[in-house]
Amino acid sequence: MLPRLVLITVLGLTWTKVTGLPCTQMFPSQLPPSNVNVVKPSDVAVLSSIGLQFHGPELTAVVSRLGELMTQFNPALISPLSDEANRPAPRFVQHSALVEQAKELSLSLQNSQVIDLDKDWKLVLLFAQVDQLCACEQQQFQPIIKDVVEEVDDALQLLHSELKRVIVSVALWVGEYDNDKMCRCAETDNEGEARLQRAMLSHALQESLDELMRRRRWYGERDDFTVVVQDTPFIAGPSTVSIGEPLSVPRAAQQADKLMLQMWTNLLQPMSGQHDTEDNQNIIALLCPAEDRPFLRTQGNSPSYPQIDVSPLVHPFTGTEMPCEDLRPSPSTPTSVHELRPGDIKVVAAVGDSLTAGNGIATVPNHILDVMTQYRGLSWSIGGDENLTTVTTLPNILKHFNYNLTGYSVGKGQQETPQAFLNQAVAGAKSSGIPSQVRALVARMKNDSRINFESDWKLITFLIGGNDVCDYCTNSQLHSKDNFIRHVRDSLDYLHKEVPRALVNLVEPLHLTSLREMHIDTSLKCPTWLVKILCPCVILPKPDSKALQMVEDINESYQRSMHSLVESSRYDTHSNFTVVIQPFLRDIVVPRLPDGRADRSFFSADCFHLSQKAHTLMARSLWKNMLEPLGNKTTMEDFSADTGLECPTKASPYIRTYKNSNYMYAGPLPTPEPITNWGNNFSCEDIAPSDPQPTSVHKLRPADIKVVAALGDSATAGTGAKAKNLFDLSKNYKGVSWSIGGDNTLETVTTLPNILKKFNPSLKGFSKGQGSIQQAFNLASPGAKASDIPNQVQALIKAMRENKEVNFEMDWKIVTIFIGGNDLCNYCIEQNNLLPKNYSQNIMLSLDMFYKEVPRLLVNLVEIWQIDMLKSVERNTLGCSLLQRNHCPCVINPAENSPELQEIKRINREYQAEIQHLISGNRYDGKEDFAVVLQPFLHNSFIPYVGEGEVDSTFFSLDCFHISERAHAEMAIALWNNMLEPVGQKQTYNNFTYDRSKIHCPSKASPFIFTKINSLPSPPATSTTTAASTSTTTASSHSCATDIPGSQCPPSMPEWVPVVVGIGGLLIGVVVAWLILSRCQRRKSKVEKAVELKGTFF
């Protein structure tokens, strides 16, 4: 068990279970190996790195963890990583830095007094950099990659010439994309396109490094030197931008652990049936060296072979025959969109993402970089290259009906180029980018002399949503169904308003999870790691997992929301405009080879974007959908089917719309009943209290809580929460306060006490009504600052002691503290009094009093929100224009992006950091019946939007400062849900969306309110404690509880236990030392010195 316990220490306490250790192959070779192909992890005496400081703290953490892990195999391992990690790197590092570092490493090893240069085996990690690459044009990619590979080669040649007994592991690190770190020309507002570029560069560089190894024969001319390339790059975790919140410390630690295990696994000899190192979010499995393959991987002991070229992406026939005979337009230009024949279309246009932009359509196998090329002339819905006999696209079909057709794109290039014309799709675009695309499209239409904007009939094809699905799991709020359809609706509204004589093909988003099959079958040789960068939420989830079901659900909800939008008749207010849903991509049938495997020829080189073969079928299917009546359209794209073109019939010569299909819209969804209250539903079944009553705060169920209380400012006092006029703004509606109000019941008023009353109807302490008459234990005061909280604590303790309904010693109590808004709002006026240190000092004094004087108490300390969001709350009213500025001058008065506002934001973050630091220690861990839990749901706070740039002001009262009853309800739900989430895994952003079923329930596995202690992995149970022993132990622990925060009770175990454990540990140490004596004897004189040099990251 000892190695496993050490590993848990190495990996931190963020995992429920760590499996793997102890390994059977943890001892060094009997004789020091002389051949590089038979080196075990325990034979490695030195671990070092090159290129580490280019990549920031995350990679440093990964490598440090690897060093800690390897010390389990060789306790005398020398790992001088600290100097390398701390060496500063310039903003733009020249590639020669790798060679310079190789020289420094060689000199350091040669001059070391604790390393035997000729006999010690050394493992060197060399990291090639992707983040520092700067390419403004695609033609620059290859020269830049060549420069990087040549520099890696130079560094390896230097190490090869100067060092012996070395294994160099070359790895590619794909860090966070950050515009601030990119060169000027690479700055772009399109994060999706930048991510695509980075992914393609990464893959091309990985392939080039593999080719270098084959060309240099892995630098293996000698038996004591070799180089290997890690199979896949190391991809940094989701960033602040991608997930909408900063990585918490535990989440960042988990990410570092996973990357470390990936690195460790790649260092070992591969094994057949190798199990996954990520079983689930709570279990981390460590691979051990196999008994028959115990060595570090080299080309000599684990040969790798060049990737066999996949079958060519042949396009034997991407043209189509035109079978239609009647190609005539209408006798006269129609005035109704419902009488529009194909020949009447004069202009085609399109908006969307890379599928419409044409990325990689004509890419040849294994030429990943070419996926960056936008083959707009081949795009299924808008391309116009050549003609229908060679290139099947919707415009090339329509050209047979009207050879004067215009608007289609030709050739290659981005949306701004002349050849893109009315193809305004942007690679990597999400629904949020569509409004800007349609504005650019309309501007081009209006300004082009080839188009008669008022008279020409226009066909606009609209496909979006794939990238929203791909990133849904990183920020479900940002990519919610409501946000998605809002962007689509805004775009269609603009077209409806601005563009006469237009029919819009609204194509449902592609059913993306069908593409997973390409990345499950390894025989297809797809670059799955690359697609994990492009579309993580679709590729990463395990089969039948909840995460995969969430992706399926959002994909379908996007499709349904589009259908509902069009069915509302919103775009059929006049006869010269309509929108038609084209659903052929709703379901996908993956094409297959004769042997049953997926047919890769329908995909581009990255197995994600589609090839010309697929675009051909999509163009035919879109055309077919256009001719099918509403209510009877094809809803499946079978890529295996070889279909020809449909033709308009004499009976139905028109492009089908709802009217010429005799289709009755379902109409708009019924208007929901007006919301009369902000109550919530309650569905929890297990609401029983503990039996017997718990003596530990870490075993506290919701039903065990007898008393509630709260401290704070106007946000807790309920100031203005139900105000109907300016006079009501001064009233304190304490009965609806989120953390302490108890008006009515949960069904009509959502507060924390009303939730707790479902578990314990006899709950005491909640406030009711207005003012102070029924305030109970709501001691919050409008205008209060952190310096007022100690006085509130004293008043609360006095009130509790004097209340005859409260058993002060025995009742379990929960107190919620939320403070800091007024400190920030007045910081520019009272800087010296409102410093972050003062803020945390006042909180600490308050918690210390609770710790010393109040038994059986759990404190919810709610993190201060991001106060600058108040600037976005606006109403054209007297209350908002005057009172908001008066309440919060230091936030409202400064101009946007001004130094003064930036200072407030900085202080805001420091307030948060100070409280996190205070709670992260063990100051309040000395009593079994006391705990403080930081509830961070407001750490990354934001206000929902109701339109483009318009925040939903219904979350605020009439002064645009105090929060409304609606916001109180949302904060109550968020606080409650935070209480049921483990420390380190709590949601750190607010989810302010109206839903009466958002209240979570305690689980059978975790029925307790989470604290720092019960959030840790549970040790295996070794015995069952009787009720009598429990009470005895409890009484003992209570009697030893000290009044000094941070102090610990004397150990409750017998004194002989640590003696026996110590002797046992000593015996184990002697045995282990004897087993490795043969290796360590020759270094006896320098082990102590080596250990002094080796720092620990943990």
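Residues numbered from 1 in each chain as written. Predicted model: local features only at pLDDT ≥ 70, side-chain atom pairs only at ≥ 80, totals over all residues. Heavy atoms only, no water.

A.B. asks: An account of unusual backbone geometry is needed here, citing residue identities and associated values.
C.D. replies: A cis amide bond, omega 5°, links Asp691 with the succeeding residue Pro692. On the secondary structure map, Pro692 appears in the loop between strand 13 (636-638) and strand 14 (705-712). Of note, the phi angle at Asp544 is positive, near 65°, even though the residue is not glycine. The backbone phi angle of Asn897 is positive, close to 65°, even though this residue is not glycine. Along the chain, Asn897 falls in the loop between helix 24 (889-892) and helix 25 (899-920). (Helix = DSSP H or I, 4+ residues; strand = E, 2+ residues; numbered from the N terminus.)

A.B. asks: Explain the nonpolar core to me, and be specific about the residues and the numbers.
C.D. replies: Counting residues in each nonpolar core, the largest one holds 151 residues, and the members touching the most others are Val152, Val168, Val488 and Leu492. Grouped together as the second largest cluster of nonpolar side chains are 97 residues, Leu763, Leu824, Val873 and Phe961 included. (Core = buried A, V, L, I, M, F, W, Y, C linked by side-chain atoms within 4.5 Å. Buried < 20%, exposed > 50% of the residue type's maximum accessible area, 1.4 Å probe, protein only.)

A.B. asks: If you had to explain the packing of aromatic side chains to someone new, which residues and values would you point to?
C.D. replies: Here the structure, examined in full by the defined rule, presents 16 aromatic pairs. Ring geometry for Phe401 versus Trp623: centroids 5.5 Å apart, planes at 40°, classification tilted. With Phe401 in the loop between helix 10 (394-398) and helix 11 (434-447) and Trp623 in helix 17 (residues 612-627), this residue pair connects regions lying 222 residues apart in the sequence. On the basis of relative accessible area, Phe401 is assigned to the buried category, the value being 6%. With a centroid separation of 5.5 Å and an interplanar angle of 40°, the aromatic rings of Phe759 and Trp976 are classed as tilted. (Phe/Tyr/Trp six-rings, centres within 6.5 Å; stacked < 30°, edge-to-face > 60°.)

A.B. asks: Any chance you could break down the confidence of the model for the protein for me, citing the residues and the numbers?
C.D. replies: Looking at the protein, pLDDT values average 83 and 81% of them are 70 or higher. pLDDT under 50 marks residues 273-281. Its contacts with residues more than four places away, or in other chains, come to 18 contacts. Residue range residues 307-315 is modelled with pLDDT below 50. Its contacts to residues more than four positions away, or to other chains, number 26 contacts. (pLDDT = per-residue confidence, 0-100. Contact = heavy atoms within 4.5 Å.)

A.B. asks: Run through the state of the cysteines, naming residues and quoting values.
C.D. replies: Scanning the entire structure with this criterion turns up eight disulfides. The disulfide bridge from Cys470 ends at Cys535, spanning 1.9 Å between sulfur atoms. On the S-S bond that ties Cys470 to Cys535, the torsion sits near -90°, and the link is left-handed. Here Cys470, found in helix 12 (residues 466-470), pairs with Cys535, found in the loop between helix 14 (528-534) and helix 15 (536-539); they are 65 residues apart in sequence, far enough to count as distant. We note that Cys470, like Cys535, is buried. Disulfide pairing places Cys825 opposite Cys888 at an S-S distance of 1.9 Å. For the disulfide bridge between Cys825 and Cys888, the dihedral angle about the S-S bond is near -85°, and by the sign convention the bridge is left-handed. One end of the pair, Cys825, is in helix 21 (residues 821-825); the other, Cys888, is in the loop between helix 23 (878-887) and helix 24, with 63 residues separating them in the sequence. (Disulfide = S-S within 2.5 Å.)

A.B. asks: Explain the sheet that holds strand 14 to me, using residue names and the numbers behind them.
C.D. replies: An order of 14-15-16-17 is seen for the four strands of this open sheet, with the pairing classed as parallel. Because the sheet does not close on itself, it has two edges, and the strands there are strand 14 and strand 17 (930-935). Across the sheet, the mean angle from the axis of one strand to that of its neighbour is 20°, orientation sign disregarded. Pairing of strand 16 (residues 857-862) with strand 17 involves six bridges; the strand directions are parallel. From the neighbouring strand, Leu861 faces strand 17, where its bridge partner is Leu934. Contacts from helix 20 (residues 789-802) reach strand 14 and strand 15 (812-818) within the one sheet, and its direction differs from that of strand 14 by about 150°. (Pairing = 2+ DSSP bridges. Axes fitted to C-alpha atoms, helices over the stretch in contact; angles between N-to-C directions.)

A.B. asks: How would you summarise empty space enclosed by the protein if you had to cite specific residues and measurements?
C.D. replies: This model, assessed by the stated rule, comprises nine cavities of 30 Å³ or more. The volume enclosed by the largest cavity comes to roughly 210 Å³. The set of elements that each furnish at least two residues to the lining of the largest cavity consists of helix 9 (354-357) and helix 12. It is helix 12 that contributes the most residues to the lining of the largest cavity, three residues altogether. Of the residues contributing to the lining of the largest cavity, the split by class is 10 nonpolar, five polar and one charged. The space that makes up the second largest cavity amounts to roughly 150 Å³. Together, 16 residues line the second largest cavity, and Asp713, Ser714, Ala715, Trp865 and Phe961 are the ones closest to its centre. Of all the secondary-structure elements, those providing two or more residues to the lining of the second largest cavity are helix 18 (714-717) and helix 21. (1 Å grid on protein atoms, 1.4 Å probe; cavity = no way out; pocket = protein on both sides within 12 Å on 5 of 7 lines; lining within 4 Å. Points joined across faces, edges and corners; volume = space filled by probe spheres on them. Nonpolar A, V, L, I, M, F, W, Y, C, P; charged D, E, K, R; others polar.)

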